[in-house]
Amino acid sequence: GGGAGAGAEEDEEEAADAEEFASELRGGAPDLLACCERLLPNLEADAKQESLRHCQAAKEEREVSFRRRARFERRLAASAHLPAAWKSIGDDAFKRGDFFTAVTCYSKRLDDLRTPPDAEAAALAGAFADGHEAAVVLSNRAAALAKVRDFHASLDDAREAF
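Residues numbered from 1 in each chain as written. Predicted model: local features only at pLDDT ≥ 70, side-chain atom pairs only at ≥ 80, totals over all residues. Heavy atoms only, no water.

A.B. asks: What is the right way to look at the packing of aromatic side chains in this model?
C.D. replies: Each aromatic ring pair is described using two quantities: the centre-to-centre distance and the angle formed by the ring planes. Under the defined criterion, the tally for this structure stands at 1 aromatic pair. Centroid distance F94 to F99: 5.0 Å. Interplanar angle 70 degrees. Geometry classified as edge-to-face. Under the relative-accessibility criterion, F94 is labelled partly exposed at 24%. (Phe/Tyr/Trp six-rings, centres within 6.5 Å; stacked < 30°, edge-to-face > 60°. Buried < 20%, exposed > 50% of the residue type's maximum accessible area, 1.4 Å probe, protein only.)

A.B. asks: Help me out: how do you make sense of helix α2 (residues 86–96) in this one?
C.D. replies: For an α-helix, 3.6 residues make a turn, and residues three or four places apart therefore share a direction. Among all positions of α2, only W86, G90, D91 and A93 are buried. Along the long axis of α2, the arc covered by the buried residues comes to 165 degrees, so they all point the same way. Every exposed residue of α2 that faces more than 90 degrees away from the buried side is listed here: K95 and R96. In the segment just after α2, G97 is the residue with positive phi, at about 90 degrees. (Helix = DSSP H or I, 4+ residues; strand = E, 2+ residues; numbered from the N terminus. Arc of directions from axis to C-beta.)

A.B. asks: For this particular structure, what's the right way to read a negative patch on the surface?
C.D. replies: Judged by side-chain charge, E9, E10, D11, E12, E13, E14 and D17 come together as a negatively charged surface patch. For E13, the location among the structural elements is in helix α1 (residues 2–78). (Patch = residues over 30% accessible without salt bridge, like charges linked within 9 Å, V, L, I, M, F, W, Y side chains within 5 Å. Areas by Shrake-Rupley, 256 points an atom, 1.4 Å probe, with all protein chains shown as cover. Salt bridge = Lys/Arg side-chain N within 4 Å of Asp/Glu carboxyl O. Lys, Arg positive; Asp, Glu negative; His and termini not counted. Charge placed at Lys NZ, Arg CZ, Asp CG, Glu CD.)

A.B. asks: Explanation requested: the pattern of salt bridges in the structure shown.
C.D. replies: Pairing of side chains with opposite charge becomes possible as their charged atoms draw close. Going through the model one piece at a time under the given rule, you end up with 6 salt bridges. D91 is the salt-bridge partner of K87, the closest N and O atoms lying 2.7 Å from each other. Remark: D91 and K87 occur in helix α2; sequence separation between them is 4 residues, near one turn of the helix. With its nearest N and O atoms 3.7 Å apart, the salt bridge here joins R96 to D98. On the basis of relative accessible area, R96 is assigned to the exposed category, the value being 58%.

A.B. asks: Whenever I open this one, the nonpolar core confuses me. Can you help?
C.D. replies: Nonpolar side chains tend to gather and get buried jointly when the protein is soluble and globular. Formed by A93, A102, V103, Y106, L110, L113, A134, V137, L138, A144 and L145, the largest nonpolar core amounts to 11 residues. Sorting the residues of this core by element identifies α3 (99–114) and α5 (131–147) as the ones contributing at least two each. (Core = buried A, V, L, I, M, F, W, Y, C linked by side-chain atoms within 4.5 Å.)

A.B. asks: Hey, could you run me through the environment of E73 in this one?
C.D. replies: The residue E73 is located in helix α1 in this model. The class for E73 is partly exposed, based on a relative accessible area of 34%. Along the sequence, E73 and C105 sit 32 residues apart, while their C-alpha atoms lie 10.0 Å from each other.

A.B. asks: Honestly, a positive patch on the surface in this entry has me stumped. Any pointers?
C.D. replies: On the surface, a cluster of positive charge is made up of R67, R68, R71, R74 and R75. Examined against the element boundaries, R75 turns out to sit in helix α1. Take R75: its relative accessible area is 56%, and that puts it in the exposed class.

What follows is the structure, encoded as structure tokens:
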């Protein structure tokens, strides 16, 4: 019979411990609340500072991107008379994540493909001197346009490539 009594005593001790723990929690709640109220302004200030840091970094990255694009377009204009591997340059730019440059390079290659050396070649070739290459370049430009969120132009290029 002593085993049953020992179990009841343990249950009573566990209940007493649980009640004491609950009482401590209830008694500590005002202190916890006060602590949270003291920390909240600091947390809000930290969140604002972090948000400002992210906004500043995004602004700086955008400015760098615009400067790169302007510099590239100046170089492009200065070298307009030179032949260039525009598709290859566009592919490299795309791999680097420089999607505006990629769009510009693919556009330049498409311009070259649309300008056959003579009128007879233009009549035979249709819109592009090399239809297969044009389809590949159009597809690549569609991907770059999608990356810069110009979805309408991207869709137009994809349709034309098809």
